[in-house]
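An overview of the molecular structure
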Amino acid sequence: MARHTKKVGITGKYGTRYGASLRKIVKKYEIQQRARYACAFCGKTAVKRVAGGIWQCTAKSCKRTMAGGCWTLTTGAAATARSTINRLKKAKGEEEK
């Protein structure tokens, strides 16, 4: 059986190259990009990264393709923009009433 890494995890493929600090940063991003995320359309945890910024739901009933962040499905900036748009829509709706 193959030995498992104790600390380095997915960045064990780099061996001792590039330095520990850089490998820790890369580890964070590689774990994020390989994780499965919840689909906004079907609700299943089946969204996988296809390419940089392109995400696809792998559920049989859904198969939707969506745009997102390069390493994660949603970015902090996108969440901020979404909340601002929703706040402005809500304010406009209350203003009309």
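Computed from a predicted structure; not experimentally measured. (Residues numbered from 1 in each chain as written. Predicted model: local features only at pLDDT ≥ 70, side-chain atom pairs only at ≥ 80, totals over all residues. Heavy atoms only, no water.)

**Some words on the sheet that holds strand β3 (residues 54–57)**
Quick note on the threshold: Only strands joined by at least two bridges in the DSSP assignment are considered to pair. Working definition: helices are DSSP H or I runs of at least four residues, strands are E runs of at least two. Numbering for both runs from the N terminus.
Here four strands make up an open sheet; going across it, the order is β1-β2-β3-β4 and the pairing antiparallel. Each having just a single partner strand, β1 (37–38) and β4 (65–67) make up the two edges of the open sheet.

**Describing the pattern of salt bridges**
Rules: In the sections that follow, a salt bridge refers to a side-chain nitrogen of Lys or Arg positioned within 4 Å of a carboxyl oxygen of Asp or Glu. Throughout this description, buried means an accessible area under 20% of the type-specific maximum (1.4 Å probe, protein chains only), exposed means over 50%, and partly exposed covers the range between.
Tallied over the entire structure, the rule returns two salt bridges. Note that E30 and R34 form a salt bridge whose closest N and O atoms lie 3.7 Å from each other. Placement of both E30 and R34 in helix α1 (residues 20–34) is noted, with a separation of four residues, approximately one turn of the helix. On the accessibility criterion, R34 (46% relative accessible area) is partly exposed. Within the structure, one salt-bridge network assembled from shared partners comprises K13, E30 and R34.

**A closer look at the confidence of the model for the protein**
Low pLDDT means the predicted coordinates in that region are not meant to be read closely. In plain terms, the rule: Residue-level confidence of the predictor is what pLDDT reports, using numbers from 0 through 100.
Across the protein, the average pLDDT comes to 93, with 99% of residues at or above 70. No element of the protein has a lower mean pLDDT than helix α2 (residues 76–96), which averages 92, and none a higher one than β3, which averages 97.

**So, the nonpolar core**
For clarity, the threshold we go by: We call a set of buried residues a nonpolar core when its members are Ala, Val, Leu, Ile, Met, Phe, Trp, Tyr or Cys and they connect through side-chain atoms within 4.5 Å of each other.
In this structure, C39, A46, V47, W55, C57, A59, C62, M66 and L73 together form the largest nonpolar core, which totals nine residues. For this core, the elements supplying multiple residues, two or more each, are β2 (45–51) and β3.

**Quick look at unusual backbone geometry**
Positioned with a positive phi, Y18 is a non-glycine residue whose angle comes to about 75 degrees. Summarising the element assignment, Y18 is placed in the segment before α1. With a phi close to 55 degrees, K63 is a non-glycine residue in the positive phi region. Structurally, K63 can be placed in the loop between β3 and β4.

**Overview of the state of the cysteines**
Which entries qualify depends on this criterion: Any two cysteine sulfur atoms within 2.5 Å of one another count as a disulfide.
Taken as a whole, this structure holds zero disulfides when the rule is applied. Counting only cysteine sulfurs, C42 is the nearest neighbor of C39, a cysteine outside any disulfide, at a range of 3.7 Å. By relative accessible area, which is 4% here, C39 ends up buried.

**A short note on the pairing of β2**
Two elements, β1 and β2, share two bridges in a ladder whose sense is antiparallel. Bridge pairing in β2 places A38 opposite T45. Remark: six residues form the turn of the hairpin made by β1 and β2, two consecutive strands paired antiparallel; G43 in that turn has positive phi of roughly 85 degrees. Two strands pair when backbone bridges link them, and β2 and β3 are joined in this way by four bridges, in the antiparallel orientation. Following the sheet pairing, V47 is matched in β3 by C57. The turn joining β2 and β3, which pair antiparallel and follow one another in sequence, is formed by two residues; a positive phi near 85 degrees is taken by G53.

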